[in-house]
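Here is how the chains run, residue by residue.
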Amino acid sequence: MINNRQRRGAGKNQQSNSPRSMGGHQLRESYMKRKLLTLTGALLGLALTASTAHAVKIRVQSVIPAKADEVVMLNDFADNVRALTNGEVDIEVLPAGAVVGVKETLEAVDKGLIEGGFAWTHYWSGYHPAAMLFGSPTAGAGLGIDNIAWISWYMNGGGKALYDELWSEMGMNIKGLMLQPVGPEALGWFKEPINSMDDFRKYRFRTPPGIPGQSYKDIGVAAVAMGGGDILPALEAGTIDAAEWCCPKPDSVFGFQKVLKHYYLQGLHQVVVNADMYINGDVWASLTPDQQNAMQVAADASLIRSLAYRIYENGKALKDLTENHGVILHDTPADYFTEYMAATEKLYAKLNAENAFFNKVHNSMTEFADIAVPFWSGAQMSNANLGMAYARQKQ
């Protein structure tokens, strides 16, 4: 007779030695492993898809050579976009003429021949006169707005919404990003000292294209528009006699000090001047909301990063120009300011009367200036006086 213990033992032995029992366990284990591998593969596939599905390369053709100082900050913006999007949005900066000619840059972006472009908004004043109010509002829009006050209007006074509207007014399939406030710009470089506007009018003077250049023609200056990379060769060839580009650092990069030694810092044509980037509208729409937001955040950050960069870099360059390259600083003749402001007033009156959107933007700037300029100009006056007193002590 078999007792209960023996039965239990026999059952245990039979169960542990059962081929069917062992095979079932192995089958279950194999099945779970296959499921785990399948799930892991699927997850890896999803991760790879997620990392590449929204990856985009944006080629941005500049209107200036790769060596230009503005490209330094454009690459800084591109690096920040790359970091904020974990590498999903890759901006490649191309020099002037890499794909299309400088003058064709905006239309090439509009048509999708290139994904992006970089210039100054006023370069496109021929498409719409209001472009100059964003890129280079001549003489501070005639309202006393300086480069910092302009940023305040853009960020808080309704300027950004109007900037977005500008591209629709132009009929361009473009999303713009304002990046670099680079003013105030110097009056420019001359072979000899100028003591009056009569002296100024003797020279063939390189100016920006569009309305800023036209304002010089309105006061009798022989204004010649050309790209930044063409200025030094034109000076060396005698095609022009005097020039402006920007300010000490960018000017020195282009080498104007090799030909001209008389430098005038105070000018009105570009008290405010802003560089911006243009993205094809379809490319912009293809970005995810997070990518669009990252680019906008990087653009807003670029405004202050560029401003901070320029103040110090221009200071270092001016010191080098005057101490090591024989450049002589002069004060701008007094009659320049009266003549230029008079011409500017006529220009704004004409454009406000002729173009409704120009008038809309300028009215917005006027409303802002009525509130902000009395405070800001008063505060800056004491800062300027303090700074000039310190500078005189160092001379």
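Calculation rules
- For every chain, the first residue of the written sequence is number 1, and numbering continues from 1 along that sequence.
- Two thresholds apply to this predicted model, a pLDDT of at least 70 for residue-level local features and 80 or more for giving and counting side-chain atom pairs, whereas whole-chain, interface and lining totals are computed over all residues.
- For side-chain calculations, the full set of non-hydrogen atoms in the structure is used, while hydrogens and water are omitted.
- We call a pair of cysteine sulfur atoms a disulfide when they lie within 2.5 Å.
- Working definition: with a 1.4 Å probe on protein chains only, accessible area under 20% of the residue-type maximum means buried, over 50% means exposed, and in between means partly exposed.
- Any carboxyl oxygen of Asp or Glu that lies within 4 Å of a side-chain nitrogen of Lys or Arg is treated as forming a salt bridge with it.
- Confidence scores here are pLDDT values: one per residue, from the predictor, ranging 0 to 100.
- We call two residues in contact when some of their heavy atoms are within 4.5 Å.
- Secondary structure is summarised from DSSP: a helix means a run of H or I of at least four residues, a strand means a run of E of at least two, and numbering begins at the N terminus for each.
- Criterion used throughout: strands pair if DSSP finds at least two bridges between them.
- An axis is simply a line fitted to the C-alpha atoms; with a helix, the fit covers only the stretch in contact. Between two such axes, the angle follows the N-to-C directions and lies from 0 to 180 degrees.
- Put simply, buried Ala, Val, Leu, Ile, Met, Phe, Trp, Tyr and Cys residues joined by side-chain atoms within 4.5 Å make one nonpolar core.

### A look at the state of the cysteines
Two cysteines joined by a covalent bond between their sulfur atoms form a disulfide.
Here is step 1: Throughout the structure, instances matching the rule amount to one disulfide.
Here is step 2: Covalent S-S linkage joins C246 and C247, the inter-sulfur distance amounting to 2.2 Å. In terms of burial, C246 and C247 fall into one category: buried.

### Here we look at the pattern of salt bridges
Here is step 1: Enumeration over the complete set of coordinates arrives at 22 salt bridges.
Here is step 2: Residues joined by salt bridges that share partners form a network here, namely D69, E70, K249, R310, E313 and K316.

### Concerning the confidence of the model for the protein chain
Here is step 1: Averaged over the protein chain, the pLDDT score is 88; the fraction of residues at 70 or greater is 87%.
Here is step 2: Predicted confidence is poor over residues 1-22, with pLDDT under 50, and the contacts of this stretch with residues over four places away or in other chains come to four contacts.
Here is step 3: Per-residue pLDDT stays below 50 along residues 39-52; that stretch engages in one contact with residues further than four places along the chain or on separate chains.

### Here's the deal with unusual backbone geometry
Here is step 1: With omega at 0°, the peptide bond leading from G183 into P184 counts as cis.
Here is step 2: Structurally, P184 is set in the loop between β4 (174-181) and β5 (188-190).
Here is step 3: Within the chain, N86 stands out as a residue other than glycine whose phi angle is a positive 55°.
Here is step 4: Take N86: it is sitting in the loop between α3 (69-84) and β2 (89-94).
Here is step 5: On the basis of relative accessibility, which here comes to 72%, the residue N86 falls in the exposed class.
Here is step 6: Notably, A141 is not glycine yet its phi reads approximately 60°, a positive angle.
Here is step 7: A relative accessible area of 1% means that A141 is categorised as buried.

### A short note on the environment of H262
Here is step 1: When you line up the elements, H262 lands in strand β9 (residues 262-264).
Here is step 2: By relative accessible area, H262 is classed as buried at 12%.
Here is step 3: Along the primary structure H262 and H330 are separated by 68 residues, whereas in three dimensions their C-alpha atoms are 7.1 Å apart.
Here is step 4: What H262 contacts, discounting residues up to four positions off in sequence, is G188, W189, F190, K191, E192, P193, I328 and H330.

### Looking at the side chain of Q270
Here is step 1: Relative to the helices and strands, Q270 is located in the loop between β9 and β10 (274-280).
Here is step 2: According to the relative accessible area criterion, Q270 is buried, its value standing at 2%.
Here is step 3: If we ignore the near neighbours within four places in the chain, the residues touching Q270 are H122, S136, G183, P184, E185, P208, E244 and W245.

### Regarding the sheet that holds β4
Here is step 1: Across the sheet, which stays open at both edges, the five strands sit in the order β2-β1-β3-β10-β4 with mixed pairing between neighbours. Each edge of the open sheet is held by one strand with a lone partner, namely β2 and β4. Neighbour-to-neighbour, the strand axes of the sheet open up by a mean angle of 25°, direction not taken into account.
Here is step 2: Each of β1 (56-62), β2, β3 (116-120), β4 and β10 touches α3; the most contacted strand, β2, lies at about 165° to it.
Here is step 3: Sitting on the sheet, helix α8 (residues 159-170) touches β4 and β10, and the angle it makes with β4 is about 135°.

### Quick look at the nonpolar core
Here is step 1: Among the nonpolar cores identified, the biggest contains 108 residues, and F77 and M295 are the most heavily contacted of them.
Here is step 2: If you tally residues by element for this core, the top one is helix α16 (residues 356-394), at eight residues.
Here is step 3: Ignoring sequence-local partners within four residues, the contact set of F77 consists of I91, L177, L179, M277, M295, A298, A299 and S302.

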